[in-house]
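# Structural overview
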Amino acid sequence: MGGENVKITILQRLLQMIAPDLCYFCGKIGASFCEYCKYDITYDSLSVCFRCNAPSPVGVCAKHDTYITQVIMIGSYEDGLKKALEGLKFCNDRFVSEPLAELLAIRAPFFPTDAVVTPIPTLRASIRRRGYDQAFLLARAFARRRGLEMRRLVERSGSFVQHDTESRLQRERQVRGSFTIKANTSIPETVILIDDIITTGATVNEVAKVLRQVGVVRVYVMAIAHPI
Ligand SMILES: [Zn+2]
Ligand SMILES: [Zn+2]
């Protein structure tokens, strides 16, 4: 893992010499998110419920039947965050996972030191198409910045096809039973689930349910963006 990180850093440096990073928000040369924009997005991040978009300081209102302790989302799916996520998901820009994970690390609340960071399992077909697992990259980079353990706790089970146009109800039905806990893994008390975008929230809620069923006490969800 360490060797791979060193390789990534060298490759990043080379790429920066050829094509320097531009701020995804203001276009300034130097970093994917310049100091000003980084401050703005993390200081004034999204405080809405992940299910109904009502204002909520903990990202979820009490009226929902949810398994999640707190949802932290950096911003709405537009502007620079949309551009950065499109780069990560569709344009083969795996390195943007690092500055995006930095946003998560800045915005994250205090977590117990024995909390385990885990990515939302990505569809196998998407990993094949992209050549990497973007949720895994985000989770690993975030965990490293916060000095927390990163471990895959959940995996997808069964065949599962995702359609973007589905309603929340359809999505909830579809994801039911789609996730299982990995065999032979110890169960931590606190889990931080990492995803790139939360749309209906059906997937993160289902994964949180599976984690709670095996004894996880607190499930935090952190994501880069949410459409509002
Ligand atoms: Zn900027
Ligand atoms: Zn709500």
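Data block above holds the structure.
Residues numbered from 1 in each chain as written. Chains lettered and ligands numbered in written order. Predicted model: local features only at pLDDT ≥ 70, side-chain atom pairs only at ≥ 80, totals over all residues. Heavy atoms only, no water.

### A few points about the overall build of the protein chain
Formally: To qualify as a helix, a DSSP run of H or I must reach at least 4 residues; to qualify as a strand, a run of E must reach at least 2; elements of each kind are numbered from the N terminus. As a reference, a globule follows 2.2 Å times the number of residues to the power 0.38, and the radius of gyration itself is taken over C-alpha atoms. Throughout this description, buried means an accessible area under 20% of the type-specific maximum (1.4 Å probe, protein chains only), exposed means over 50%, and partly exposed covers the range between. It only takes one pair of heavy atoms within 4.5 Å for two residues to be counted as in contact. What sets the accessible areas is the Shrake-Rupley method with a 1.4 Å probe; for residues, cover comes only from the shown protein chains.
Secondary structure assignment for the protein chain yields eight helices and seven strands. The C-alpha atoms of the protein chain give 17 Å as radius of gyration, which agrees with the globular expectation for 228 residues (17 Å, within 12%). Oriented by its inertia axes, the alpha-carbon framework of the protein chain measures out at about 50 × 40 × 35 Å. When each of the 228 residues of the protein chain is scored for burial, the buried share is 50%. The contacts in the protein chain between residues at least 6 apart in sequence include a share of 71% that link residues at least 24 apart. Carbon and sulfur atoms provide 53% of the accessible area of the protein chain, an area that totals close to 11600 Å².

### Structural notes on the packing of aromatic side chains
The line we're drawing: A pair of Phe, Tyr and Trp rings is counted when the ring centres sit within 6.5 Å of each other, with Trp represented by its six-membered ring. The angle between the planes then sorts it: under 30 degrees is stacked, over 60 is edge-to-face, the rest tilted.
This model, assessed by the stated rule, comprises four aromatic pairs. Relative to Phe-33, the ring of Tyr-24 lies with its centre 5.7 Å away and its plane at 40°, an arrangement referred to as tilted. As far as the burial class goes, Tyr-24 and Phe-33 line up, both buried. Taken together, a centroid distance of 5.3 Å and an interplanar angle of 10° make the contact between Tyr-39 and Tyr-43 stacked. Here Tyr-39 pairs with Tyr-43, and both are found in helix H2 (residues 35-43), just four residues apart, close to one helical turn. Through a chain of ring-to-ring contacts, three or more aromatic side chains come together here, namely Tyr-24, Phe-25 and Phe-33.

### Side note on helix H6 (residues 134-146)
To be explicit about the condition: To estimate how far a helix should extend, the number of its residues minus one is multiplied by 1.5 Å. Polar contact criterion, stated in full: a pair of N or O atoms within 3.5 Å, where within protein one must be able to donate a hydrogen and the other to accept it, and residues adjacent in sequence count only if both atoms are side-chain atoms.
Its 13 residues place the ends of H6 18 Å apart at the C-alpha level, agreeing with the 18 Å of an ideal helix rising 1.5 Å per residue. Within H6, burial applies to Gln-134, Ala-135, Phe-136, Leu-137, Leu-138, Ala-139, Arg-140, Ala-141, Phe-142 and Ala-143. Measuring from the side-chain oxygen of the N-cap residue of H6 to the backbone nitrogen of Ala-135 gives 3.2 Å; that N-cap residue is Asp-133. Where H6 ends, the next residue or the one after it, Gly-147, has phi of about 65°, a positive value.

### Describing the coordination of the zinc ion (ligand 1)
Around a metal, the perfect tetrahedron of four donors has angles of 109.5 degrees, and the perfect octahedron of six donors has angles of 90 or 180 degrees. We apply this condition: In this description, a donor is an N, O or S atom within 2.8 Å of the metal centre, a cutoff extended to 3.2 Å for sodium, potassium and calcium. Water is not part of the atom list, which can make sites seem incomplete. In these descriptions, tetrahedral denotes four donors with every angle between 85 and 135 degrees, square planar four donors and octahedral six donors with opposite donors over 155 degrees apart and the rest between 65 and 115, and irregular any other case.
Only Cys-23 (SG), Cys-26 (SG), Cys-34 (SG) and Cys-37 (SG) from the protein coordinate the zinc ion (ligand 1), and they sit 2.3 Å from it. In this structure, the zinc ion (ligand 1) is surrounded by four donor atoms whose angles at the metal cover 101 to 118°, and the resulting shape is tetrahedral. Expressed as a motif, the donor residue spacing for the zinc ion (ligand 1) is C-x2-C-x7-C-x2-C. Under the relative-accessibility criterion, Cys-26 is labelled partly exposed at 46%.

### Description of the pairing of strand E7 (residues 218-226)
Definition in use: A strand pair is defined by DSSP finding two or more bridges across the two strands. Look down the strands so they point away from you; if the path from the first strand over the helix to the second goes clockwise, the crossover is right-handed.
Counting buried residues along E7, eight of its nine residues qualify, which places the element largely inside the surrounding structure. In this sheet, E7 lies alongside strand E1 (residues 70-76) in parallel orientation, the contact comprising six bridges. In the strand pairing of E7, Gln-70 is matched with Tyr-220. Here strand E6 (residues 190-197) runs beside E7; their pairing, made up of seven bridges, is parallel. Across the sheet, the residue bridging to Ile-197 is Ala-225, located in E7. Chirality of the crossover, the property in question, places the unit of E6, helix H8 (residues 202-213) and E7 among those that are right-handed.

### Here we look at the sheet that holds E1
Hydrogen bonds along the backbone pair up the strands of a sheet, which may run parallel or antiparallel. One open sheet accounts for five strands, arranged E1-E7-E6-E2-E3; its pairing is parallel. Strand pairing shows two members of the sheet lacking a second neighbour, E1 and strand E3 (149-150), which therefore form its edges.

### Looking at the coordination of the zinc ion (ligand 2)
Every protein donor of the zinc ion (ligand 2) is accounted for by Cys-49 (SG), Cys-52 (SG), Cys-61 (SG) and His-64 (NE2), and the metal-donor separations fall at 2.0 to 2.3 Å. Metal-centred angles of 99 to 117° between the four donor atoms at the zinc ion (ligand 2) mark the site as tetrahedral. Of note, the donors binding the zinc ion (ligand 2) are all from one chain and are spaced C-x2-C-x8-C-x2-H. A residue pair is termed long-range when its members are at least 10 positions apart, and Cys-52 in the loop between H2 and E1 and His-64 in the loop between H2 and E1 qualify at 12 residues.

### Observations concerning the pattern of salt bridges
Condition: Salt bridges are defined as contacts in which a side-chain nitrogen from Lys or Arg sits within 4 Å of a carboxyl oxygen from Asp or Glu.
Under the criterion given, the structure shown has 11 salt bridges. Ionic pairing is found between Lys-38 and Glu-35, a salt bridge with its closest N-O pair at 3.1 Å. Separated by three residues within a single helix, Lys-38 and Glu-35 lie in helix H2, roughly one turn from each other. Across the pair Lys-82 and Glu-86 runs a salt bridge whose closest N-O atoms are separated by 3.6 Å. With Lys-82 and Glu-86 both in helix H3 (residues 79-90), this residue pair falls four residues apart, about one helical turn.

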